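# Commentary on secondary and tertiary structure
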Amino acid sequence: LFTDNQLDLNVHIPELGGVLADVLLAPTRIYVQSVLQVLKQHPTAVHAMVHVTGGGFYDNIPRVLNPDLSAEIDASSWQAPPVFRYLQALGKLSNEAMWHTFNCGIGFILAVDPQHAQQVLDAFNQETDEKAAIIGKLIPAQGQSQVIIQ
């Protein structure tokens, strides 16, 4: 990707707001303290947790799902950070390819009892440094894929 586009990692990319190498090497967020804080407040609300790493949504989410469930993700419920949009445009990558490879700005997912979803969301957004959103729901299994992104 970088060779094909003759990119210099030391160049400032305006749409990224920084030098490409710095943006790509920015440390990942560590969610443990925020998650522990919310779990203490809502100990029975969270049923599963997913750290979205390499393999994106399609490889990571199924690890916590029963075979009879699928995760239906609403891709319009958040905006991917500029670096992901930049890489997608540069590589002419489909959304599907992006969701198979990257976390697209969703580094950690909690599967929360729907009755407690708003309370957990409020706890993250009001009492931690995280910006949380409801990005989907669990539904009965839908064919081969346990992850459906719309």
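Computed from a prediction, not measured in an experiment: that's the story for all the values here. Here the residue numbers are simple positions, counted from 1 along each chain's written sequence. Side-chain atom pairs in this predicted model are given and counted only at pLDDT of 80 or more, local residue features only at pLDDT of at least 70, and totals for whole chains, interfaces and linings cover all residues. Excluded from the side-chain calculations are hydrogens and water; all other atoms, namely the structure's heavy atoms, are used.

### Comments concerning the overall build of the protein chain
Along the backbone of the protein chain there are 6 helices and 7 strands. Each helix is a run of DSSP H or I of at least 4 residues and each strand a run of E of at least 2, with the numbering of both proceeding from the N terminus. When the helices and strands of the protein chain are read in sequence order from the N terminus, they spell out β-β-α-α-β-α-β-α-α-β-α-β-β. Partly exposed residues are those whose accessible area sits between 20% and 50% of the maximum for their type, while under 20% is buried and over 50% is exposed, using a 1.4 Å probe and protein chains only. Classification of the 150 residues of the protein chain by burial places 35% in the buried group. Residue pairs at least 24 apart in sequence account for 72% of intrachain contacts in the protein chain once pairs closer than 6 positions are excluded. For the accessible areas, the method is Shrake-Rupley and the probe is 1.4 Å, while residue cover comes only from the protein chains on display. Accessible area for the protein chain stands at about 9300 Å²; split by element, carbon and sulfur atoms hold 53% of it. Averaging the locations of the 7 positively and 14 negatively charged side chains of the protein chain gives two centres separated by 2 Å. Here, two residues are considered to be in contact whenever any of their heavy atoms come within 4.5 Å of each other. Positive residues here are Lys and Arg, negative ones are Asp and Glu, while His and the chain termini are left out of the count. Charge placement uses NZ in Lys and CZ in Arg. For Asp and Glu, CG and CD serve respectively.

### Some details on the sheet that holds strand S7 (residues 147-149)
By the convention used here, strands pair only if DSSP detects at least 2 bridges between them. Across the sheet, 3 strands lie side by side as S6-S4-S7; this open sheet has mixed pairing. This sheet does not close on itself; its edge strands, each paired only once, are strand S6 (136-140) and S7. Each neighbouring strand pair of the sheet contributes to a mean axis angle of 25°, computed without reference to strand direction. What counts as an axis is a line fitted to C-alpha atoms, over the stretch in contact for a helix, and the angles between N-to-C directions run from 0 to 180 degrees.

### Regarding the pattern of salt bridges
For this analysis, a salt bridge means a side-chain nitrogen from Lys or Arg found within 4 Å of a carboxyl oxygen belonging to Asp or Glu. Summed over all chains, the structure comprises 2 salt bridges. A salt bridge links Glu-130 to Arg-29, with the shortest nitrogen-to-oxygen separation between them at 3.1 Å. You can see Glu-130 sitting in the loop between helix H6 (117-127) and S6 and its partner Arg-29 sitting in the loop between helix H1 (20-24) and helix H2 (32-41), a full 101 residues away along the chain. Owing to a relative accessible area of 43%, Arg-29 belongs among the partly exposed residues under this scheme.

### Things to note about the packing of H2 against H6
One way to put it is that H2 packs onto H6 with a least axis distance of 10 Å and a crossing angle of 135°. Viewed along their axes, H2 and H6 adopt a mutual orientation that is oblique. The two elements H2 and H6 cross, and the hand of that crossing is right-handed. Between H2 and H6, the residues in contact are Ser-34, Val-35, Gln-37, Val-38 and Gln-41 and Val-120, Ala-123, Phe-124 and Glu-127, respectively. Side-chain classes are defined by residue name, with Ala, Val, Leu, Ile, Met, Phe, Trp, Tyr, Cys and Pro counting as nonpolar, Asp, Glu, Lys and Arg as charged, and the others, Gly among them, as polar. Across the contact of H2 with H6, the residue classes break down as 5 nonpolar, 3 polar and 1 charged. To sort the angles, those under 35 degrees are grouped as roughly parallel, those over 145 as roughly antiparallel, those from 65 to 115 as roughly perpendicular, and the leftovers as oblique. Whether a crossing is left-handed or right-handed is set by the direction in which the near helix is turned from the far one by less than a right angle, anticlockwise for left-handed and clockwise for right-handed.

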